[in-house]
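Tertiary structure, described
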Amino acid sequence: MTTADVITLRFEGPAPEVALSKDIIRRGLLVAPVLIAIAAVIWGADGAWSSAYAIAIVLLNFALAAALIAGAAKISIGLMMGATLFGYLIRLGLIFLAVWFVKGAGWISLPALGSAIIVTHLGLLFWEMKYVALSLSQPGLKTDVPQIDRNATN
């Protein structure tokens, strides 16, 4: 197989990044009320609205990342690599624009917004690490299927 063949090869089958993204979004929706309540206690009503806005930005960011990678992988590996790199840069730009457009709004608390974006991103990623299968044979979320230890002696 030549390098050109590898770059134009496409992935068939389920996309583990979509399953991971859905799982992260589900967890984000579970903790959103707690994060919003904490922001409300610290920054008041503006903090609560800012935190809710930040959580929406983060969850949309995860969904967009999965959609870009999964869609590009079905076309070619080369496009998937480009979508991963440039998609990251585009999504950073979209987060910047989402913050920039509301920075002067009366209902926004920038410290609450920034804190919620950072805490939500990192918190959900660290939480998800517990549930990810770190195996190339079964990428994605861990399953209940026991793995075969090929190095075990009988």
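Higher on the page you've got the structure.
Report follows, based on the coordinates. These numbers come from a predicted model, not from an experiment. (Residues numbered from 1 in each chain as written. Predicted model: local features only at pLDDT ≥ 70, side-chain atom pairs only at ≥ 80, totals over all residues. Heavy atoms only, no water.)

1. Description of the overall build of the protein chain
- Scanning the protein chain from terminus to terminus reveals 4 helices and 2 strands.
- Along the chain direction, N to C, the helices and strands of the protein chain fall in the order α-α-α-α-β-β.
- Across the 154 residues of the protein chain, 29% fall into the buried class.
- Counting only contacts in the protein chain whose residues sit at least 6 apart along the sequence, the fraction spanning at least 24 positions is 72%.
- Surface accessibility of the protein chain: about 10000 Å² in total, with carbon and sulfur atoms responsible for 72%. (Helix = DSSP H or I, 4+ residues; strand = E, 2+ residues; numbered from the N terminus. Buried < 20%, exposed > 50% of the residue type's maximum accessible area, 1.4 Å probe, protein only. Contact = heavy atoms within 4.5 Å. Areas by Shrake-Rupley, 256 points an atom, 1.4 Å probe, with all protein chains shown as cover.)

2. Looking at the pattern of salt bridges
- Following the criterion strictly, the structure yields 3 salt bridges and no others.
- Where Arg26 meets Asp23, a salt bridge forms, and the shortest distance between an N and an O atom there is 2.7 Å. Taken together, the positions of Arg26 and Asp23, both in helix H2 (residues 16-73) and 3 residues apart, correspond to about one turn of that helix.
- Given the relative accessible area of 8%, Asp23 is considered buried.
- Several salt bridges share partner residues, and in doing so they unite Asp23, Arg26, Arg27 and Glu128 into one network. (Salt bridge = Lys/Arg side-chain N within 4 Å of Asp/Glu carboxyl O.)

3. Focus on the packing of helix H3 (residues 77-102) against helix H4 (residues 110-129)
- Direction vectors running N to C along H3 and H4 enclose 160 degrees, while the axes themselves pass 11 Å from each other. Taken together, the axes of H3 and H4 are roughly antiparallel relative to one another. Considering only the axes of H3 and H4, their crossing is right-handed. Side by side, H3 and H4 meet where Ile95, Val99 and Val102 of the first sit next to Leu110, Leu113, Ile117 and His121 of the second. (Axes fitted to C-alpha atoms, helices over the stretch in contact; angles between N-to-C directions. Parallel < 35°, antiparallel > 145°, perpendicular 65-115°, else oblique. Left-handed = near helix turned anticlockwise from the far one by under 90°.)

4. A few points about the side chain of Ser50
- Its location among the elements puts Ser50 in helix H2.
- On the accessibility criterion, Ser50 (0% relative accessible area) is buried.
- Polar side-chain contacts of Ser50 include one of 2.7 Å to the backbone oxygen of Asp46.
- Not counting residues up to four positions away in its chain, the partners in contact with Ser50 are Trp107, Ile108, Ser109, Ala112 and Leu113. (Polar contact = N/O pair within 3.5 Å; in protein donor to acceptor, adjacent residues only side chain to side chain.)

5. Focus on the environment of Arg27
- With respect to the helices and strands, Arg27 occurs in helix H2.
- Classification of Arg27 as buried rests on a relative accessible area of 7%.
- Remark: the alpha-carbon pair of Arg27 and Leu59, spanning 32 residues in sequence, is separated by 9.9 Å.
- When residues no more than four places from it in sequence are discounted, the contact partners of Arg27 are Leu124, Trp127, Glu128 and Tyr131.
- A polar atom in the side chain of Arg27 sits 3.0 Å from the side chain of Glu128.

6. Observations regarding H3
- Helix length check: H3, at 26 residues, gives a terminal C-alpha distance of 37 Å against a target of 38 Å (1.5 Å per residue), a fit within 8%.
- Residue Gly87 marks the point of greatest curvature in H3, where the axis turns by about 25 degrees. (Expected span 1.5 Å × (residues − 1). Bend = angle between axes of the 7 residues up to and from the residue.)

7. Regarding the nonpolar core
- Residues Ala54, Ile57, Val58, Phe62, Leu113, Ile117 and Leu124 are the most contacted members of the largest nonpolar core, which totals 16 residues.
- Mapped onto this core, the elements with two or more residues apiece are H2, H3 and H4.
- Among the elements that make up this core, the one with the highest residue count is H2 (8 residues).
- Discounting chain neighbours no more than four positions away, the residues touching Ala54 are Leu113, Ala116 and Ile117. (Core = buried A, V, L, I, M, F, W, Y, C linked by side-chain atoms within 4.5 Å.)

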